[in-house]
Each structure stands twice: as C-alpha cells, then as structure tokens.
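# Close look at the chain arrangement
If you want the building blocks of each chain, they are given just below.
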Amino acid sequence: MEYGKNESVIVLWIWIGIGLALLVTGFITVLVLRYIRHVKKNKRKAFLLIHKMQTEYGENALYLQERDRERLAGELHDNIISRLNMIRLNAQYQDMRKLNLDLKNSMRVIREMSHHLTPPCLSETGPEELISDYLEQVKGNIGVKYYPLLHTPGRISDPVKLNLFRILQELINNALKHADASVITVSLRISECYLVLTVADNGKGLIRGYDKAASGIGLQNIRLRAEQIKARYRFRSKPQRGTRFTMIAHLKQH
C-alpha cells in the first residue's frame, strides 16, 4: 500500500510538472507571438514613414526643379532676350566701345546662368577654385571677400563639391535678393578630416526669425543638400546686423 501511495504522489508531481511546463511554454509562446506582432507593426510603420519621406522628398525635388526652370525662363526673358534686343535696336546708334561693353555684360549674365545650371569640370576642379570662379561672377552685384585656407589639399568627392557649390549659390542668391547686403564674406577651410564653409553678409538679417524663414524653399534646399553630405550647419542672424551661416562636413578618408 505504501508503495502504491508513493507511486501516486510521483505521478501527481509528474503531471504538475507537465502542467507547469505547458503553462510556461504557453506563456512564452504568447510573448513570442506578441513580440512578432509588435515587430511586424513597427516594420509597417517604418515602411509607411520611409514611403512618406520618399514621397515628400520627391515632391520637394520636383518643386525645386520647376522653380529652377521658372527662374531660368524668367532670366532668359528678362535679362538675355531684353539685353540682346536692346543691343539690336541700338546697334546703329552706339559706338563700338559701348556695343562691346553691352555684349560683355550679356556674356557675363549667360555665364552666371550656366554656373547655376551646372558647375564646370567638377572632377578636375578643387572646391576653392570652384567657389573662386563663381564669386568672380558675383562681384558685379555685391562686394565679395573670399578667404580659402587648405591645410590638406586632398581629394574631395564630386557629390561633396557639388552640394557645397549649390549651398553657396543658395546663400548668395538669398543675400542678393532679400538681405539688402553690400558685402558678403566667404570662408572655406579644408583640413584632413573636415570641411568648414562660412558665409556672412552685412544685410538686414532674418527679420522673421530662423524658424519661420526655414520654411522657405531656399532654406529647405540647403537642408536637403546638407543632409546629402551628412553636414551640420547653423544660422546666426540679428535684425540689421546681418546673417552668418556655418557648415561643417566630415570628409571620408581615402
């Protein structure tokens, strides 16, 4: 009888153990299933977020392209065609020196427009020369001070040069159109690991404040291009005391 009783107790504990094991297994299974559902939900959210960002980026890119096309059409109509038409109408009444000056000015405008469309020889031109050449075209519209300093003249990738060039164009375009500045100062510093661009003007500053100004398409363009080269930047501006832009990009080692 004692043996049968002990056997019953053992069987009971075995069933209790099996029950506990099943309970733990079920609990773990529920946790795993909940975790899998959570991961799938997060993946769906991430996919939707990425899709939304891609859509917004594509819309911004299209908007920027259309804005550039409209600006180019306006420049062609207002500057080039008007200038050439005036030269044509006045050619017989002007002396050769005046006619030559008008043609040189028209050529300068066309060259500026070509720089806006595509900078020359990216792969063969260093960033300091690229900027210097562009600033030469700007000098007729505003006073320019340029301070390049290269500690290490190492190779900089074409995407970095292109985005650097476009950011500078946008900053100078803003200074010319909105800042009422008389002088713009550009500083370029390149070391072995870093590129630092500083652009400052003596204009009226971002009167509305940076947060509101940042919604403008020009500053959105700067933000997108800075993200392309993983650069950090900062604006400092005070009313009637100008605006200062500083950008730092980490250069990959080759």
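What you see is a predicted model, and the numbers here were worked out from it, not measured in a lab. (Residues numbered from 1 in each chain as written. Predicted model: local features only at pLDDT ≥ 70, side-chain atom pairs only at ≥ 80, totals over all residues. Heavy atoms only, no water.)

### Some points on the overall build of the chain
Across its full length, the chain carries 6 helices and 5 strands. Secondary structure elements of the chain occur, N-terminal to C-terminal, as α-α-α-β-α-β-β-α-α-β-β. For the chain, the proportion of its 254 residues judged to be buried stands at 28%. A total accessible area of about 17,600 Å² is found for the chain, and carbon and sulfur atoms account for 59% of it. (Helix = DSSP H or I, 4+ residues; strand = E, 2+ residues; numbered from the N terminus. Buried < 20%, exposed > 50% of the residue type's maximum accessible area, 1.4 Å probe, protein only. Areas by Shrake-Rupley, 256 points an atom, 1.4 Å probe, with all protein chains shown as cover.)

### Thoughts on the pairing of strand 4 (residues 231-237)
Look at any regular strand and the pattern is simple: side chains alternate between the two faces of the sheet. Pairing geometry for strand 4 and strand 5 (residues 243-250), over 7 bridges, is antiparallel. From the neighbouring strand, Arg234 faces strand 5, where its bridge partner is Thr246. (Pairing = 2+ DSSP bridges.)

### Regarding a positive patch on the surface
Among the surface-exposed residues, Lys40, Lys41, Lys43, Arg44 and Lys45 lie close enough to one another that they form a single positively charged patch. On the secondary structure map, Lys45 appears in helix 1 (residues 2-90). (Patch = residues over 30% accessible without salt bridge, like charges linked within 9 Å, V, L, I, M, F, W, Y side chains within 5 Å. Salt bridge = Lys/Arg side-chain N within 4 Å of Asp/Glu carboxyl O. Lys, Arg positive; Asp, Glu negative; His and termini not counted. Charge placed at Lys NZ, Arg CZ, Asp CG, Glu CD.)

### With respect to the packing of helix 3 (residues 127-138) against helix 4 (residues 158-179)
Between two packed helices, both the angle of their axes relative to each other and the distance between the axes serve to describe the pair. Direction vectors running N to C along helix 3 and helix 4 enclose 25°, while the axes themselves pass 10 Å from each other. In this view, helix 3 runs roughly parallel relative to helix 4, as classed from their interaxial angle. Between helix 3 and helix 4 lies a crossing whose hand is right-handed. The segment helix 3 lies against helix 4, with Pro127, Leu130, Ile131, Tyr134, Leu135 and Val138 engaging Lys161, Leu164, Phe165, Leu168, Gln169 and Ile172. Looking at the contact of helix 3 with helix 4, its residues break down into 10 nonpolar, 1 polar and 1 charged. (Axes fitted to C-alpha atoms, helices over the stretch in contact; angles between N-to-C directions. Parallel < 35°, antiparallel > 145°, perpendicular 65-115°, else oblique. Left-handed = near helix turned anticlockwise from the far one by under 90°. Contact = heavy atoms within 4.5 Å. Nonpolar A, V, L, I, M, F, W, Y, C, P; charged D, E, K, R; others polar.)

### Re the confidence of the model for the chain
Residues of the chain with pLDDT of at least 70 account for 71%, and the chain-wide mean is 77. Predicted confidence for residues 209-215 stays below pLDDT 50, and this span has 9 contacts to residues more than four positions away or in other chains. (pLDDT = per-residue confidence, 0-100.)

### Overview of unusual backbone geometry
Excluding glycine, a negative phi dihedral is what most residues carry, and trans is how most peptide bonds are arranged. The backbone of Lys230 sits at a positive phi, close to 55°, despite the residue not being glycine. Tracing the backbone through its elements, the reader meets Lys230 in the loop between helix 6 (217-228) and strand 4.

### Some details on the sheet that holds strand 5
With respect to topology, 5 strands assemble into an open sheet ordered 1-2-3-5-4, the strand pairing being mixed. Of all strands in the sheet, those with a lone pairing partner are strand 1 (143-150) and strand 4, marking the two edges. Ignoring strand direction, the axes of neighbouring strands in this sheet form an average angle of 10°. By the bridge criterion, 8 bridges tie strand 1 to strand 2 (residues 183-190) in an arrangement that is parallel. Residue pairing across strands places Pro148 opposite Leu188, the latter belonging to strand 2. Sitting on the sheet, helix 3 is in contact with strand 1 and strand 2, with an inclination near 175° to strand 1. Helix 4 rests against strand 2, strand 3 (194-201), strand 4 and strand 5 of the sheet, and its axis sits at about 10° to strand 3.

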